[in-house]
Amino acid sequence: MTKSIVLAVNGTKKTINVDPEEPLLYVLREEFGLNGPKFGCGLHQCGSCLVLANGQSSYTCRIPCSDFEGKKIETIEGLSKKGKLHSLQQSFFEVQAAQCGYCVNGMLISALELLRKNPNPNNHEIREALNKVICRCGTHSRFIKAVKKAADSQSKF
Amino acid sequence: MKISKVDRRAFLKTTGHLLIGFNLFPLVNCSPYEEDSNLTKPYNGIPVRPHAGKDLIDSWIRLDAEGHVTVLTGKKELGQGIRTALIQIAADELEVDIKRCHIINGDTGQTANEGYTSGSNSIEGSGIAIRQAAAEVKFFLLQLASEKLQAPYENLMVKDGWITSPDKKKTSYWDLVNGAYYEKSITGKAQILDINKHKYVGKPIPREDILHLVKGDAHFVHDLRLPGMVHARVLHPPSYGAKLISIDSTAVRALTGVLKLLIDGSFIAVIAEREYQALKAWEKLKEVTVWEKPTINPVPDRLFADMRSKTQKPEIIQETPNISKQLTISPIRLKSVYQRPYQMHGSAGPSCALAKWENDQLTVWSPTQGVYPLQATLADLFQMDSEKIRCIGIPGSGCYGHNGADDVSAEAALIAKHLPGKHVRLQWMREDEHQWEPYGSAMIMELEAGVSKEGLIQVWDSKIWSDSHSTRPRGEAGHFVSARHLGNPFPFRKGGFSGGAYRNATPLYDIPDVRLQLFNYDGPLRSSALRGLGAYANIFALESFIDELAKASGVDPFTFRIHNLKDERAIAVLEKLKEKTKWNALERSKNKGYGIAFAKYKNSAAYFAVMVEVEKITEKEAFKLKRMIGVIEAGQCINPDGLINQTEGGMIQSASWTLMESIKYDEKGILSKDWNSYPILRANDIPGVEVHVINRPELPPLGAGEAAQGPVAAAIANAVFDCTGTRVRELPITAEKVER
C-alpha cells in the first residue's frame, strides 16, 4: 500500500509514492540515490544511518519515512556547495580521518549537529557527540581531532 | 585520480601502449569504484583472458600513449590504504607525477591471482612486484629513447615521463608508445631507483578515497546500483546445525514486492523488488519457520576445561634437546596460564554482495579479501568451470580478516541463480553478521620459563590450545556457511589446523632452550582468521609473562627485555619507546599504572612496542585506559601517515578486544547478536593515542597492519597489574577481574 509523500532532502522537495511505513533509510538510498546514510544495525545502536532532521541527528533505519514529512532532512551529500567541500569534510580529509570509512557518515552528521549547537566544543563534548557511532577500525582519535580542527577553523557550520 | 569522461574514452581506445606481459583484453570497467557513474553503468560480461601467475609481470603495469599509468594488483583495498601506497611506489619508480597513476585491484577479469589480502603481506609482496615491474617499464622506454635521441641510456634524464638527453633533445614515455603496442616481460636488468630520488615513497600522500567517503560518493559494494537490481535477504538458521522442520510460506509469498522465496534444505532466502520489502519478508519468515536445533557444547563455563580434556597428543612445533633438564635447574622459575575467549570481527557494515547469472556465466561483486579463492570455491559450489565465473572485488566495510564477506558472496550467487538475468543484491542483517561470521578462536596459553640470576631467560616452554585460525574458502564449497545448509549439503572439512594458532608463540628473545606444543581443538563455535590470528593471544600471554619474569627477577621491564634481545632493530624500537614515554620520569602515583610490551609481528614483519597508562577510578571500583604510545618500525616506510593510521586503529581495536570483548553464547545459540550484547569501545572511552615511526628507507618494507594487536593487549595487562596489583590472565581484562 503506497502513499504519496513529500520529503525535503538537501534543499530539494520530492514527491514519492512509497509504503509510508518504509524506513527513511531505504527511501533515501533507493528514491534519492544517496549513499551517505548506511545500514549498520537496524537497531539504533551504531549510527551508520544518521541524517539531520530539523538539525537533530536522527536514526533512519527504523523510523518510517512518513514521520519525516515536513522536516528539513540533511545528509552528507548536501554539505559541499558548488563543488567546494564543507569545512567539516575538509578537516576530515586533511586529518585523513577514515580507514574503511563505513562510519564516516555517522561521524560527520554527529559532528555537524554538535558544531551547529556548540561551535567551540571541548574534548569531552566532542567524544560525547561521537559516542553514538560505532567505528570498528579504531579511527576515533582522528575523528575527534578532525572535529576539533573544524571547530578551530572558525567556519560557519 | 579521476579519469574525466573524455580521457576515459581515450583510455579505452588508446592509440598505443606499453603493457608489460600478455594482457590482451581491453580494459573495460577500468576503475570500478573511483567513478560514481561507473557504479551504475552496466557491466558487459567476462573478458576472455589467461590467468597470470605472479612471476609474469604482465599483470602489473600498463602505460598508454595518452599519459596514463595503470597498476593492476590482486590485493584488495580494505581501508588500509593499500591503493595509495602501491601508486606511490609505481609513480616513484617510473618517475612520473602521481596524478597519472591509476589502480585496478582485485578482479579475476583483470588482475593477477595473489590469493588473499591477508597477513600484512601486501606491501611486502605486491609492492615489491610493482616496483620491479615499474622499473622494467622505465628501462624498456629508456632504451627506446636512447635510440631515438641518439644518446647513451645512462645519460638520459627523466622528469614526469619526459626524457631529456645531454644535448637537450626531448621525448616522452607517451611519444615512445604512440602508435605502438608493446608487450614485454621482465628482463631482470632493470635497476631500482635510488631511494634518494623518491618523491612520493616515504611521504604522507593523502588517500584520495577519503575525499569520496566524506562526500558520500558511491564507494562500498553496498552502494552498487546495477540496472534492474532486486534485493534479497537470507533467513539463516537460528543456530549452528539447525534444521528446518516446517515453513508456512503463504503469508510471505503474499507480501507486496516479493518475487521469489527459496527453500533449499535449510537455506532460506527471499527476493523482493525493494530492499524494505525483502526486509519485511525476512521478518515474516522468522515467524513462520520451525527448526530443530542441536545444542551447543560446551558452553563458556566448561570451554577451557573441555579444550584440555578433548585434545590428545600435541603437535611438537619446536623442541631443543635440553629443555626438560633446564626447566628444573633455572634459579628463577615461573608458570602461568592465560586465556582468550572467542572474539568477533564485528564489521560496522553487515556483509553485502551482488550477483548475476547470464548465459550460464556468473558475475559476483564482492567485498572478499581474495577474488581468486572465491572464484575457485564458487566453481566447486556450482560444479562449473571457474573461467565462467568473474569475481570483482569492491570495498566492503572493514573486515579485519575472514568475516561474512565470502559467505554473503556465495549466498548472493545461490539466490541469483534462481532469477537469471537479474542483478541480485544481498545484504546481511546485523544479527547475521554477529551470529554467523567465523570468530577468532578461544585459546589457552600455558607458559613456563626459567631465568638466570643475571636476569637472562634460559628456557621457555609453551603449550597452546586453539581451534583453527583459517577456514577461509580455498576451493571447497563447504567453507561457505550456507553451502552446509543446502538440501544437498556440502561437507565442511576444516582442512587441517593452520600455523596461525602458534603465530608469535616463539619468543624473539634470545633463549637457548625452547619448546612449543600445540593442542588442536575442535571447538563449539565457527572460527577463522581474525586480525593477527593466534598472534594476538600469544603475544598477550608472552609479553604478560615477560613482565612477570621481570618482576620476579627484580628488573625494570625495559631493561629486562633489552637485556634478553639480540635483534638490534627490536632494541631500537624499545629504546625509542623509552625515550618517547619519558619512562624514567613518569608520575608514579598510587592511582596510576604503566605497562609496556613488544613484538615483531610473525617474527618476520614490523617491530612494534607500546606503553599503556591506566588510572584507577576508586569510586567506581574500576580503571580507565588513559594513554597509549606506540613505536613502529616497518623497514622502508611507504606512507608514514598511512602507517600511523593503521597502527592507531590497530591499537584502539586491540584495546577494545582486550578490555571488553567476549562472545556470549549458551547451549541454544549465540547470544551476542548486536552491539548491546557485544559492546565495543566507543568515542567516550578512547584513550590518547600516539604513534612514532622509525623509518629505515634503506631496508625492504615490512607488513605492519597487524603489528599492534598483541602488544597492546599485554601492555594493558601489565599496566593494570602495575596500577592495581592484580595480574589478569584471562581476556577480556574487566574491572570485575581486578581484586578490590
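These figures come from a predicted structure and were not determined experimentally.

Draft legend 1. Just the overall build of chain A, in detail. Each helix and strand in chain A was counted, giving five helices and five strands. Scanning chain A from its N terminus toward the C terminus, one meets helices and strands in the order β-β-α-β-β-β-α-α-α-α. Oriented by its inertia axes, the alpha-carbon framework of chain A measures out at about 50 × 30 × 25 Å. Sequence-distant contacts in chain A: of pairs separated by 6 or more residues, those separated by 24 or more amount to 58%.

Draft legend 2. Quick peek at the overall build of chain B. Each helix and strand in chain B was counted, giving 18 helices and 28 strands. For 740 residues, the compact-globule formula gives about 27 Å, and the C-alpha radius of gyration of chain B, at 27 Å, lands near that figure. Summarising its shape, the C-alpha atoms of chain B cover approximately 80 × 75 × 50 Å along the three principal directions. Within chain B, the proportion of its 740 residues that are buried is 55%. Looking at chain B alone, contacts between residues at least 24 apart form 79% of all its contacts between residues at least 6 apart.

Draft legend 3. Molecular detail of the domain arrangement of chain A. Residues and elements named next belong to chain A. The domain architecture assigned to chain A consists of domain 1 (3-77) and domain 2 (87-152). Once you take the C-alpha centre of each, domain 1 and domain 2 turn out to be 21 Å apart. Counting residues at the interface gives 14 residues for domain 1 and 13 residues for domain 2. Where the side of domain 1 that touches domain 2 is concerned, the elements lending two or more residues are β3 (51-53) and β4 (56-58). Along the lines of polarity and charge, the residues of the side of domain 1 that touches domain 2 split into six nonpolar, seven polar and one charged.

Draft legend 4. Molecular detail of the sheet that holds strand β25 (residues 622-633) of chain B. Residue and element names in this part refer to chain B. Pairing is mixed in the open sheet, where four strands are placed in the order β23-β24-β25-β28. In the strand order of this sheet, the two ends are held by β23 (592-600) and β28 (688-694), each with one partner. Neighbour to neighbour, the strand axes of the sheet diverge by 15° on average, direction disregarded. Inspection of the sheet shows strand β24 (residues 607-617) paired to β25 by 11 bridges, in the antiparallel sense. Within β25, the position partnered with isoleucine 617 by the bridge is alanine 622. Its contacts with the sheet place helix α18 (residues 709-724) against β23, β24 and β25, and it is angled at close to 155° to β23.

Draft legend 5. Geometry of the pairing of strand β2 (residues 61-64) of chain B. Residues Ile61(B) and Leu63(B) of β2(B) are buried on one face, and the alternating residues Arg62(B) and Asp64(B), pointing to the opposite face, are buried as well. Hairpin geometry of β2(B) and strand β3 (residues 69-73) of chain B is characterised by an intervening segment of four residues between the two adjacent antiparallel strands and by a positive phi of about 95° at Gly67(B).

Draft legend 6. How the structure looks around the interface of chain B and chain A. Between chain B and chain A, the contact holds 46 residues from the first and 47 residues from the second. Elements that contribute at least two residues to the side of chain B that touches chain A include exactly α6 (209-215), α8 (275-288) and α17 (640-660) of chain B. When residues of the side of chain B that touches chain A are assigned to their parent elements, the largest contribution, eight residues, is made by α17(B). Taken together, the residues of the side of chain B that touches chain A break down into 19 nonpolar, 16 polar and 11 charged.

Draft legend 7. Quick peek at the nonpolar core. By size, the foremost hydrophobic cluster in this structure holds 258 residues, and its most contacted members are Ala90(B), Ala412(B), Phe608(B), Val610(B) and Ile716(B). Not counting residues up to four positions away in its chain, the partners in contact with Ile716(B) are Gly595(B), Val612(B), Leu625(B), Ala655(B), Thr658(B), Leu659(B) and Ile733(B).

Draft legend 8. Inspection of the environment of Glu315(B) at higher detail. All names here are of chain B. Checked against the element boundaries, glutamate 315 lands in strand β14 (residues 315-319). The exposure class of glutamate 315 is partly exposed, given the 13 C-beta atoms found within 10 Å. For the pair glutamate 315 and asparagine 520, spaced 205 residues apart in sequence, the C-alpha separation works out to 7.9 Å. Glutamate 315 has contacts with Gln517, Leu518 and Asn520, leaving out every residue within four places of it along the chain.

Draft legend 9. Geometry of helix α2 (residues 87-95) of chain A. Of all nine residues making up α2(A), seven are buried, and the element is well covered by its neighbours. Those residues of α2(A) not exposed but buried are Leu88(A), Gln89(A), Gln90(A), Ser91(A), Phe92(A), Phe93(A) and Val95(A). Check the buried side of α2(A) and you find it contacts α3 (104-117) and α5 (140-152) of chain A together with α6 of chain B. With its phi angle positive at about 55°, Gln96(A) sits one or two positions after the end of α2(A).

Draft legend 10. Representation of α18(B) within the structure. Residue and element names in this part refer to chain B. Taking 1.5 Å per residue as the helical rise, α18 with its 16 residues ought to reach 22 Å, and the 23 Å between its terminal C-alpha atoms agrees with that figure. Of all 16 residues in α18, 15 are buried, a share of seventy percent or more. Directly beyond the C-terminal end of α18, a positive phi value near 80° is found at glycine 725.

Draft legend 11. Here's a closer look at the packing of α2(A) against α5(A). All names here are of chain A. Remark: α2 packs on α5, axes separated minimally by 8 Å, with the N-to-C direction vectors making an angle of 135°. Relative to α5, α2 is oriented oblique. Pair α2 / α5 crosses with right-handed handedness. Touching Ser87, Leu88, Ser91, Phe92, Glu94 and Val95 of α2 are Arg142, Lys145, Ala146, Lys149 and Ala150, all from α5. For the contact of α2 with α5, the class distribution of residues is five nonpolar, two polar and four charged.

Draft legend 12. Local environment of the sheet that holds strand β5 (residues 157-159) of chain B. All names here are of chain B. Spatial ordering of the open sheet is given by β5-β6-β7, a layout of three strands whose pairing is antiparallel. Each end of this open sheet is capped by a strand with a single partner; those strands are β5 and β7 (170-172). Direction aside, neighbouring strands of the sheet carry axes that sit 25° apart on average. Pairing of strand β6 (residues 162-164) with β7 involves three bridges; the strand directions are antiparallel. Across the sheet, residue threonine 164 finds its bridge partner in β7, namely lysine 170.

Draft legend 13. Region of interest: the packing of helix α3 (residues 82-94) of chain B against helix α4 (residues 122-149) of chain B. All names here are of chain B. The contact between α3 and α4 brings their axes to 8 Å, and the two run at 30°. What the angle tells us is that α3 and α4 run roughly parallel. Here α3 runs over α4; the crossing is right-handed. Packed against α3, whose contacting residues are Ile82, Ala85, Leu86, Ile89, Ala90, Glu93 and Leu94, the element α4 presents Ser122, Ile123, Ser126, Gly127, Ile130, Arg131, Ala134, Ala135, Val137 and Lys138 at the interface.

Conventions we followed
Residues numbered from 1 in each chain as written. Chains lettered and ligands numbered in written order. Predicted model: local features only at pLDDT ≥ 70, side-chain atom pairs only at ≥ 80, totals over all residues. Helix = DSSP H or I, 4+ residues; strand = E, 2+ residues; numbered from the N terminus. Contact = placed C-beta atoms within 7 Å. Rg over C-alpha atoms; globule rule 2.2 N^0.38 Å. Buried ≥ 20, exposed ≤ 12 C-beta atoms within 10 Å, placed from the backbone. Domains from an automatic or database assignment. Nonpolar A, V, L, I, M, F, W, Y, C, P; charged D, E, K, R; others polar. Pairing = 2+ DSSP bridges. Axes fitted to C-alpha atoms, helices over the stretch in contact; angles between N-to-C directions. Core = buried A, V, L, I, M, F, W, Y, C linked by C-beta atoms within 7 Å. Expected span 1.5 Å × (residues − 1). Parallel < 35°, antiparallel > 145°, perpendicular 65-115°, else oblique. Left-handed = near helix turned anticlockwise from the far one by under 90°.

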